[in-house]
Amino acid sequence: AHARLASEEDFSEWGRAVCLLNRKGCDWRELHAAIPYHLQHAGPQSRIVLAYALSTAPYSWAEENDKYFMSWLNTERYDQVRIPLMKLLGQLNTKDAEKRLVAYAMIEPVNEPVAIAAVRALGSISTLHPEILQPLVNHPSDFVLEEFYRTLAMRPAPFWDSALHLHEGRSIGAQAEMHALRWLAGEQSAADDLRSLLRSSDGAYDKVTVIRALAVNKDFMPLLRDEYIIPELPPAIRYAAAEARVEMHHSPASQTDVITRYVIPIWRTNEPGVQAVLATWAAANPADASGNAELSGLMSATLRSLPLPLLLETYNEIT
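Now for a quick tour of the structure. (Residues numbered from 1 in each chain as written. Predicted model: local features only at pLDDT ≥ 70, side-chain atom pairs only at ≥ 80, totals over all residues. Heavy atoms only, no water.)

Concerning the packing of aromatic side chains
By convention here, two paired aromatic rings are described through the distance between centres and the angle between planes. Applying the stated criterion across every chain, the model contains five aromatic pairs. When the ring of Tyr68 is compared with that of Trp72, the centres are 6.2 Å apart and the planes differ by 50°; the resulting orientation is tilted. Here Tyr68 pairs with Trp72, and both are found in helix 5 (residues 66-75), just four residues apart, close to one helical turn. For Trp72, a relative accessible area of 5% gives the class buried. Here the aromatic cluster, defined as three or more aromatic residues joined through ring pairs, consists of Trp61, Tyr68, Phe69 and Trp72. (Phe/Tyr/Trp six-rings, centres within 6.5 Å; stacked < 30°, edge-to-face > 60°. Helix = DSSP H or I, 4+ residues; strand = E, 2+ residues; numbered from the N terminus. Buried < 20%, exposed > 50% of the residue type's maximum accessible area, 1.4 Å probe, protein only.)

If you want it as structure tokens, here you go:
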């Protein structure tokens with residue numbers, strides 16, 4: 001906490017070390033308390049790292065230091081530093097913070113990284129207000145608009161208001177995320193709209209964005225398994241479909257025989273990226289995965305056949 005830092009490299013490495021400690025859950029307040037002092041002497045690049053160190057603290061740093069934080073927020077002009085500041089702003093969990101986040105997302109000319117960070121931070125606000133969010137529905141960036149609907153759909157109680165409807169001419173991804181949100185809000189016709197959008201999408205990128213949105217509805221499991229995790233399709237599509245299927249499993253309505261009907265058939269496609277996704281899921285759900293001898297056998301056989309070091313990441317996930 002009282003280290004003598006003299007150079008940009010010192011500040012950056014010190015900040016990275018704090019980030020790593022945060023990831024380990026170390027609640028060392030004296031380290032975080034030293035960061036405002038270091039910020040007085042740090043340059044733009046190391047300020048980014050120090051800001052991330054505060055935004056990843058295992059407690060609400062901004063809420064505990066709101067006066068200092070608001071002063072910093074109002075004077076910071078470097079956009080790359082503003083990105084982690086958006087997450088800190090969301091920690092305040094107030095209507096004023098919601099207004100400020102929307103304002104940052106709407107700054108012109110559009111800075112997409114800052115705007116997306118602001119939209120994601122809205123997910124931390126406990127109560128959202130349609131009248132405050134309304135400007136985001138007309139955001140000029142499709143990427144920001146996608147993130148807006150995705151953020152709303154990820155809330156514990158999906159937020160929805162009839163005023164939040166998509167205008168014509170927006171990207172496939174924005175349309176897909178809005179249909180997913182509609183489905184979560186109880187509009188059953190949104191499932192048909194998602195299916196139709198997937199069929200009509202031409203490029204791999206568009207199909208991937210729609211497949212990501214399908215994760216809200218477990219009824220799409222057979223479709224992904226049978227039509228989108230097959231060798232004939234590009235790896236990006238197969239990978240996205242596997243991720244969506246894994247995310248579907250977290251739904252309380254997921255089927256109990258998911259391993260037999262989905263995990264094992266998908267594993268047998270022998271796509272390393274897909275297998276890495278499924279292995280990550282198995283490690284996170286040992287009660288579901290550990291009792292299936294066929295799955296364990298497939299994993300062991302895959303480990304013996306993977307070429308190393310080319311597929312080291314998949315090997316590590318399976319291990």
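A look at the packing of helix 1 (residues 8-23) against helix 2 (residues 29-39)
Between helix 1 and helix 2, the shortest axis-to-axis distance is 11 Å and the interhelical angle comes to 155°. Classified by the interaxial angle, the pair formed by helix 1 and helix 2 is roughly antiparallel. When the axes of helix 1 and helix 2 are compared, the crossing they make is left-handed. Here Phe11, Trp14, Val18, Leu21 and Asn22 of helix 1 come into contact with helix 2, specifically with Leu31, His32, Ala34, Ile35 and His38. Tallied by class, residues from the contact of helix 1 with helix 2 come to seven nonpolar, three polar and no charged. (Axes fitted to C-alpha atoms, helices over the stretch in contact; angles between N-to-C directions. Parallel < 35°, antiparallel > 145°, perpendicular 65-115°, else oblique. Left-handed = near helix turned anticlockwise from the far one by under 90°. Contact = heavy atoms within 4.5 Å. Nonpolar A, V, L, I, M, F, W, Y, C, P; charged D, E, K, R; others polar.)

Points about the pattern of salt bridges
In this structure the tally under the stated criterion is 19 salt bridges. Close ionic contact of Arg150 with Glu146 constitutes a salt bridge, the shortest N to O distance being 3.4 Å. Pair noted here: Arg150 and Glu146 are both in helix 10 (residues 142-153), with a separation of four residues, about one helical turn. Taking relative accessible area as the criterion, Arg150 reaches 13% and is therefore assigned buried. The partner of Arg195 in a salt bridge is Asp192, and the shortest N-O contact between them spans 3.2 Å. Of the two residues, Arg195 and Asp192 both sit in helix 12 (residues 189-200), three residues apart, roughly one turn of that helix. (Salt bridge = Lys/Arg side-chain N within 4 Å of Asp/Glu carboxyl O.)

As for helix 5
Within helix 5, burial applies to Phe69, Met70, Trp72 and Leu73. With its buried residues spanning 160° around the axis, helix 5 presents them on a single face. Looking at helix 5, the residues exposed on the side facing more than 90 degrees away from the buried face are Lys67 and Thr75. Those residues of helix 5 that are buried are in contact with helix 2, helix 3 (44-55), helix 4 (61-64), helix 6 (79-90) and helix 7 (95-105). (Arc of directions from axis to C-beta.)

A word on the environment of Ile229
Following the sequence through the fold, Ile229 ends up in the loop between helix 14 (221-228) and helix 15 (235-249). C-alpha of Ile229 to C-alpha of Ala34: the two residues are 195 residues apart in sequence and 50 Å apart in space.

A short note on the side chain of Glu146
Glu146 sits in the buried class, given a relative accessible area of 5%. Contacts of Glu146, omitting those with residues within four sequence positions, involve Ser171, Gly173, Ala174, Glu177, Tyr205 and Thr209.

Quick look at the nonpolar core
Ranked by internal contacts, the top residues of the largest apolar core, which has 57 residues, are Trp61, Phe69, Trp72, Leu85, Met86, Leu89 and Phe148. With seven residues, the top contributor of residues to this core is helix 8 (residues 112-121). Formed by 45 residues, the second largest nonpolar core is a distinct cluster that contains Ala191, Ala241, Leu298 and Leu306. (Core = buried A, V, L, I, M, F, W, Y, C linked by side-chain atoms within 4.5 Å.)

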